[in-house]
Amino acid sequence: MRYFIGNWKMFGVPKSINILNKINSFYSKDKNRKKYRVIITPPYTLIQTYAKYFKKKNIYIGSQNCYQKDQFSSNTAAVSPYMIRQVGAQYTLVGHSDNRSEGDTDIMLKNKVKFALKNNLRVVFCIGENKKDKKNKKTFGVLKRQLTRVLEKNFNVNNIIVAYEPIWSIGTGKIPTKADLENITFYVKKVLKSIFKNKSPAVLYGGSVDGSNVRMFRDLRGIDGFLVGGASKSSKKFIDIIKNYYR
Ligand code: 13P
């Protein structure tokens, strides 16, 4: 199974559902549709409407984040995994670099993953090195730390997906070389297998993925799908990614 996840970040109002309608109708007719799943993570404000609308259709709805507590608490503006699940989301991102840079710590992330899983959300756990780490050849160490400090062997591996998103690649048009990405994916899966009794969750790539570079990723071993930012805000660009992947 391949995953094409569109992370809308701070984008979207109710009428943006038109974008998803177009993706949905493409999916319904696509001969390759059994091979992949489309997940969109709109902002919190749209989860309920979209999840209800697409319940019997082909697009899964996820959240971009969740709070590190289970159900209800006295944290102003926080939204818990329980609340997200109750409005119909089936996935949540955890650990996106946007949120790490705004203060998410490993302990917070561990609780987010734990409570998301407890509330039957599938977790897309995001990891990635920054430009300086890359320059100093620290990528492997950084990724290992991000994985081992948060993921625990008793977490349900079947409900976890890992997204490797190098921070220097997000929104910049820069992508890793084939060799680097192959080595990194292999390494990430090795670390994951050491955590989860020799089983690895799916590993996605994210960072400047578009219709023109997706074919390069297709030929790489070990990439199980994509976490797409910018290009997911246009139905055409998002559909082009899927079309070109299977072309
Ligand atoms: P871009 O595809 O815009 O580089 O964003 C990637 C991302 O951060 C998805 O979560």
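Just so we're clear, the structure is a prediction, and the values are computed from it rather than from any experiment. (Residues numbered from 1 in each chain as written. Predicted model: local features only at pLDDT ≥ 70, side-chain atom pairs only at ≥ 80, totals over all residues. Heavy atoms only, no water.)

Describing the environment of Asn-99
Put simply, the rule reads: A run of H or I in DSSP becomes a helix once it reaches four residues, and a run of E becomes a strand once it reaches two; helices and strands are each numbered from the N terminus.
Residue placement: Asn-99 occurs in helix α4 (residues 97-100). As for Asn-99 and Val-191, which are separated by 92 residues in sequence, their C-alpha atoms are 23 Å apart.

Structural notes on the pattern of salt bridges
Short version of the rule: Salt bridges, as used here, are contacts in which a Lys or Arg side-chain nitrogen is within 4 Å of a carboxyl oxygen on Asp or Glu. To sort residues, take the accessible area from a 1.4 Å probe on protein chains only and compare it with the maximum for the residue type: under 20% means buried, over 50% means exposed, and anything in between is partly exposed.
Within this structure, the stated rule accounts for 10 salt bridges. With a closest N to O distance of 3.6 Å, Asp-224 and Arg-2 form a salt bridge. Within this pair, whereas Asp-224 is found in the loop between α9 (214-218) and β8 (225-228), its partner Arg-2 is found in strand β1 (residues 2-7), the two being separated by 222 residues in sequence. Here Asp-224 falls in the buried class, since its relative accessible area comes to 12%. Between Lys-118 and Asp-70 there is a salt bridge, with the nearest N and O atoms lying 2.3 Å from each other. With a gap of 48 residues between them, Lys-118 in helix α5 (residues 106-118) and Asp-70 in the loop between β3 (59-63) and α3 (81-86) connect regions that are remote in the sequence. For Asp-70, a relative accessible area of 14% corresponds to the buried category. Members of the salt-bridge network, linked through shared partners, are Arg-2, Lys-189 and Asp-224.

Concerning the site of the ligand
Threshold: Working definition: residue near molecule or strand if any one of its non-hydrogen atoms lies within 4 Å of it. Two N or O atoms form a polar contact when they lie within 3.5 Å of each other; inside protein one atom must be a possible hydrogen donor and the other a possible acceptor, and for residues adjacent in sequence the pair counts only when both atoms belong to side chains. For every accessible area listed, the method is Shrake-Rupley and the probe measures 1.4 Å; residues are considered covered only by the protein chains on display. Residues are grouped as follows: nonpolar covers Ala, Val, Leu, Ile, Met, Phe, Trp, Tyr, Cys and Pro; charged covers Asp, Glu, Lys and Arg; every other residue, Gly included, is treated as polar.
In the vicinity of the ligand there are 13 residues, among which Lys-9, His-96, Gly-171, Ser-208 and Gly-230 approach most closely. Contact distances for the ligand include 3.0 Å between an oxygen atom and a side-chain N or O atom of Asn-7. Separating an oxygen atom of the ligand from a side-chain N or O atom of Glu-165 is a distance of 3.1 Å. For the ligand, whose free accessible area comes to 310 Å², the fraction covered by protein is 94%. Grouping the constituent residues of the shell around the ligand by class yields 3 nonpolar, 8 polar and 2 charged.

Concerning the pairing of β3
Spelled out, the test is: Any two strands between which DSSP finds at least two bridges are classified as paired. A clockwise path from the first strand over the helix to the second, with the strands pointing away from the viewer, defines a right-handed crossover.
β3 sits mainly inside the fold: 4 of its 5 residues count as buried. Where strand β2 (residues 36-41) and β3 come together, 3 bridges link them in parallel fashion. Paired with Ile-39 across the bridge in β3 is Tyr-60. With 2 bridges connecting them, β3 and strand β4 (residues 91-94) associate as parallel partners. Paired with Ser-63 across the strands is Thr-92, a residue of β4. In this region the chain leaves β3, passes through α3 and returns to the parallel neighbour β4; the handedness of that crossover is right-handed.

That's the geometry; what it means functionally is another story.
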